[in-house]
Amino acid sequence: MIDKAVINQIQNTVGKGNVALDKETRICYSYDATNLKYLPDLIAYPTTREQISETLKLANEYRFPVIPRGAGTGFTGGTLPVQGGVVMVLTKMNKIWQIDRENLFAIVEPGVITYDLQQEVEKIGLFYPPDPASLKSSTIGGNVAECAGGPRALKYGTTKDYVLGLEVVLPTGEIISTGVITAKGVVGYDLTKLLVGSEGTLGIITKIILRLIPLPKSKRTLLAIFPTIDAAATTVSQIISSKIIPATLEFMDNACIRCVEDYLHMGLPVEAGALLIIEVDGAPEALSVEVEEIQKICQANQAIEIKVAKDNQEAEDLWKARRAVSTAVVKINPTKVNEDITVPRSKVPEILRRVEAIGKKHNLIIVNFGHAGDGNIHVNVMIDKRRPGEEERAHAAVKEIFTTTLELGGTLSGEHGIGITKAPYISMELGDMGLEVMRRIKKAFDPNNILNPGKIFPEKQTKQVHHL
Ligand SMILES: Cc1cc2nc3c(=O)[nH]c(=O)nc-3n(C[C@H](O)[C@H](O)[C@H](O)COP(=O)(O)OP(=O)(O)OC[C@H]3O[C@@H](n4cnc5c(N)ncnc54)[C@H](O)[C@@H]3O)c2cc1C
């Protein structure tokens, strides 16, 4: 617990109206999308970088944890106060400072909602591509801290490809600016890249310079239904190897199709093995050729049905299936152990076959969907904790899925980060020395380990936890 006198100092620093101590509010900030719960001591809603800086200086003096938080949609527990302390909510810092049409960048505060920024820049024909499915609630600060991706990562890359520079309050309270607003810049170590994806462990981001690009002139959306997972996965590989890079290439397996149909009643064939939602964008003339080519590849892989959206409304309707999947699958079993492994694209058919075999071996229901075009599969082990032994079998299955992923040249997380849920597995990928170098970097930034402690690095007291 933080001492009363220190709480007074925090209130003086951030402003009494920007601090909450009551249990009801603290409970609201005790969980994120993992549904794990840890109660914080205090919630602060700073409005300036100076307030953040002063609070961090107090944290070093009195040794209490500070945990940055955006919208709390993280899937790996990054914003959970696992050791108590101050949850610092950045949502009041939500200004779009500048959109520069000539130099193609925007400067924003961390609390700006991703979708709001996209709407603003699209009004003037510009484009900010990163599109996590949570974009209507997640913040740009949270996206930068997690290096969020989304369906469009296939063609446009992830958040890190758009961050030109940052303003960051260091864990010790000093404020630094990194990066540039120019198209190029190679002065010193690339601290911007280090901070992107650092999951709120190296600094609190207070300003972000984002690269913008021209908005594509048009797009076409297709939905293709396949008899088997293998046929869909082979289609993905063949589209990419035919040198077409769609903006998105999303995948859902039979269990997802059934759940979504049950949830939305949109006429999806529940016997189908898998479906793909494919979107291409660019100049209209080029798109017709690409759509034709994609249809041919789908047909050659026994597609049962191919729907090409005639207009934006029909395209939106096709996307409904994909957007509903996260919510719809919980119907199978109440608890979802949600991993986001990524393999080289050509290995998508193999990883799906091997995940299926692991599910059978451990007698578990595993449903798969995700961004198949970039090899990022959301593998969801659906469990009911009330059934004896199911949780343990899920942990064993996850470990085997990770081992298989690494064997195929993949990575444990394509976009959700490590947080607490994947911390026990991190050295499987990085090795002991890789992890040690990261510990040294953390120590250089945060000698007293006050900023978001207990994240990324496996700790003895960190239980092997998932989205339970
Ligand atoms: C339904 C759903 C769909 C999702 N789909 C996707 C998807 O398609 N792609 C994807 O990548 N993710 C997805 N996510 C995960 C999540 O939305 C992203 O990780 C997102 O970037 C988190 O943003 P947030 O504002 O909610 O951050 P939070 O959850 O509040 O925080 C996430 C991490 O960022 C840190 N942080 C937040 N703000 C700052 C700051 N200003 N400075 C320093 N650190 C900070 C926190 O400490 C924490 O470690 C999804 C989540 C849900 C619930």
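The residue numbers shown here count from 1 along each chain, following its written sequence. Where totals are concerned, whole chains, interfaces and linings use all residues; where local detail is concerned, this predicted model gives features only for residues with pLDDT of at least 70, and gives and counts side-chain atom pairs only at 80 or more. Water and hydrogen atoms play no part in the side-chain values, which are based on all heavy atoms of the structure.

Think of it this way: one heavy atom of a residue within 4 Å of a molecule or strand is enough to make that residue near it. As a matter of local geometry, the ligand sits amid 33 residues, with Pro-68, Gly-70, Thr-73, Ser-134 and Thr-139 nearest to it. A distance of 2.7 Å separates an oxygen atom of the ligand from a polar backbone atom of Gly-70. Polar contact criterion, stated in full: a pair of N or O atoms within 3.5 Å, where within protein one must be able to donate a hydrogen and the other to accept it, and residues adjacent in sequence count only if both atoms are side-chain atoms. Residue Ala-71 places a main-chain N or O atom 2.9 Å away from an oxygen atom belonging to the ligand. To qualify as a helix, a DSSP run of H or I must reach at least 4 residues; to qualify as a strand, a run of E must reach at least 2; elements of each kind are numbered from the N terminus. Breaking the shell around the ligand down by element, the ones donating at least two residues are β3 (66-69), α5 (140-146) and β10 (204-211). The dominant element in the shell around the ligand, judged by the number of residues it contributes, is α5, at 5 residues.

This part covers the confidence of the model for the protein. When pLDDT is averaged along the protein, the result is 94, and 98% of the positions lie at 70 or above. Scored below 50 in pLDDT, residues 462-468 shows 31 contacts in the model against residues more than four places distant or in partner chains. As a per-residue measure, pLDDT reflects the predictor's confidence and takes values from 0 up to 100. Two residues form a contact once any of their heavy atoms are found within 4.5 Å.

For the rest of this paragraph, the subject is the sheet that holds strand β8 (residues 163-169). By the convention used here, strands pair only if DSSP detects at least 2 bridges between them. An order of β5-β6-β10-β8-β9 is seen for the 5 strands of this open sheet, with the pairing classed as antiparallel. Each of the sheet's edge strands pairs with one partner strand only, and the pair in question is β5 (96-100) and β9 (175-179). Strand-to-strand twist in this sheet, taken as the mean axis angle between neighbours without regard to direction, amounts to 10°. The pairing of β8 with β10 spans 6 bridges and is classified as antiparallel. In the sheet register, Leu-166 faces β10, and the bridge partner there is Ile-208. In the packing of helix α4 (residues 114-122) onto the sheet, contacts are made with β5, β6 (105-108) and β10, and the angle to β5 comes to roughly 35°. Between N-to-C directions, angles cover 0 to 180 degrees, with each direction set by a line fitted to C-alpha atoms, over the stretch in contact for helices.

Where β8 and β9 come together, 5 bridges link them in antiparallel fashion. Opposite Leu-166, over in β9, you have Thr-178 as the bridge partner. Hairpin connection between β8 and β9: a loop of 5 residues separates the two successive antiparallel strands, and Gly-173 in this loop has a positive phi of roughly 105°.

Given two aromatic rings, their pairing is described by the distance between the two centres and the angle made by the two planes. Between 30 and 60 degrees the pair is tilted, below 30 it is stacked and above 60 it is edge-to-face, where a pair is any two Phe, Tyr or Trp rings, Trp via its six-membered ring, whose centres lie within 6.5 Å. Using the criterion set out here, one finds 4 aromatic pairs in the structure. With centroids separated by 5.3 Å and ring planes inclined at 90°, the aromatic side chains of Phe-127 and Tyr-156 adopt a geometry described as edge-to-face. A residue pair is termed long-range when its members are at least 10 positions apart, and Phe-127 in strand β7 (residues 126-127) and Tyr-156 in helix α6 (residues 153-156) qualify at 29 residues. Assigned by exposure class, Phe-127 and Tyr-156 land together as buried. With 4.9 Å between their ring centres and 75° between their planes, Phe-402 and Tyr-425 make a pair best called edge-to-face. You can see Phe-402 sitting in helix α13 (residues 390-407) and its partner Tyr-425 sitting in the loop between α13 and α14 (426-445), a full 23 residues away along the chain. Each residue's exposure class comes from its accessible area (1.4 Å probe, protein chains only) as a fraction of the maximum for that residue type: buried when under 20%, exposed when over 50%, partly exposed otherwise. Judged by relative accessible area, Tyr-425 falls into the buried class, the value being 1%. If you follow Lys-136 out to its NZ or CZ, it ends over the ring of Tyr-115, 4.8 Å from the centre. Any Lys NZ or Arg CZ found within 6 Å of a ring centre and within 35 degrees of that ring's normal is scored as a charge over the ring.

Turning next to a nonpolar patch on the surface. Taken together, the side chains of Tyr-189, Leu-191 and Leu-194 make up a nonpolar region of the molecular surface, amounting to roughly 330 Å² of accessible area. Relative to the elements of secondary structure, Tyr-189 occurs in the loop between β9 and α7 (191-195). Residues form patches when they are more than 30% accessible in relative terms and have no salt bridge. Like charges link within 9 Å. Nonpolar side chains (Val, Leu, Ile, Met, Phe, Trp, Tyr) link within 5 Å. Computed with the Shrake-Rupley method and a 1.4 Å probe, the accessible areas treat only the protein chains shown as cover for residues. Each salt bridge in this description consists of a side-chain nitrogen of Lys or Arg and a carboxyl oxygen of Asp or Glu lying within 4 Å of one another.

On to α4, then. Listed in full, the buried residues belonging to α4 are Thr-114, Leu-117, Gln-118 and Val-121. For α4, the angular spread of the buried residues around the axis is 100°, confining them to a single face. Among the structural elements, β5, β6, β7, α5 and β10 are those in contact with the buried residues of α4. This arc is taken over the directions from the axis of the helix to the C-beta atoms.

So, on to the packing of helix α9 (residues 254-264) against helix α11 (residues 312-328). At a closest axis distance of 9 Å, the pairing of α9 and α11 adopts a crossing angle of 95°. For the element pair α9 / α11, the angle class is roughly perpendicular. The residues of α11 that touch α9, namely those facing Cys-256, Cys-259, Val-260, Tyr-263 and Leu-264, are Lys-320, Ala-321, Ala-324, Val-325, Thr-327 and Ala-328. A class-by-class count of the residues in the contact of α9 with α11 yields 9 nonpolar, 1 polar and 1 charged. Orientation is classified from the angle alone, with under 35 degrees giving roughly parallel, over 145 giving roughly antiparallel, 65 to 115 giving roughly perpendicular, and any other angle giving oblique. Ten residue types, Ala, Val, Leu, Ile, Met, Phe, Trp, Tyr, Cys and Pro, are classed as nonpolar, four, Asp, Glu, Lys and Arg, as charged, and the remainder, Gly among them, as polar.

Taken domain by domain, the protein comprises domain 1 (4-89), domain 2 (96-214), domain 3 (216-327) and domain 4 (332-422). For the domain bounds, the source is a domain assignment made automatically or taken from a database. Taking only C-alpha atoms into account, the centre of domain 2 sits 29 Å from that of domain 3. Between domain 2 and domain 3, the contact holds 7 residues from the first and 10 residues from the second. Buried area: the accessible surface (1.4 Å probe) lost by two parts on joining, summed over both. Carbon and sulfur atoms supply 62% of the area that domain 2 and domain 3 bury against each other, a total of about 720 Å² over both sides. Of all residues in domain 2, the largest losses of buried area upon contact with domain 3 belong to Pro-151, Leu-154 and Lys-155, amounting jointly to 67% of the total for that side.

Quick look at the pattern of salt bridges now. Scanning the model with the defined rule gives 24 salt bridges in all. In this structure, the salt-bridge partner of Lys-155 is Asp-281, at a minimum N-O distance of 2.6 Å. Of this pair, Lys-155 sits in helix α6 while Asp-281 sits in strand β14 (residues 274-282), and the two are 126 residues apart along the sequence. On the basis of relative accessibility, which here comes to 9%, the residue Asp-281 falls in the buried class. Glu-356 is the salt-bridge partner of Lys-360, the closest N and O atoms lying 3.6 Å from each other. Within this pair, Lys-360 and its partner Glu-356 are both found in helix α12 (residues 348-361), separated by 4 residues, close to a single helical turn. Look at Lys-360 and you get exposed, because its relative accessible area is 64%. One salt-bridge network, in which partners are shared between bridges, spans Arg-49, Glu-50 and Glu-167.

Pairing within the open sheet is mixed, and its 4 strands lie in the order β1-β2-β4-β3. Unpaired on one side and paired on the other, β1 (19-20) and β3 mark the two borders of the sheet. The sheet contact formed by β3 and strand β4 (residues 86-89) spans 4 bridges and is parallel. If you follow Arg-69 over to β4, its bridge partner there is Val-89.

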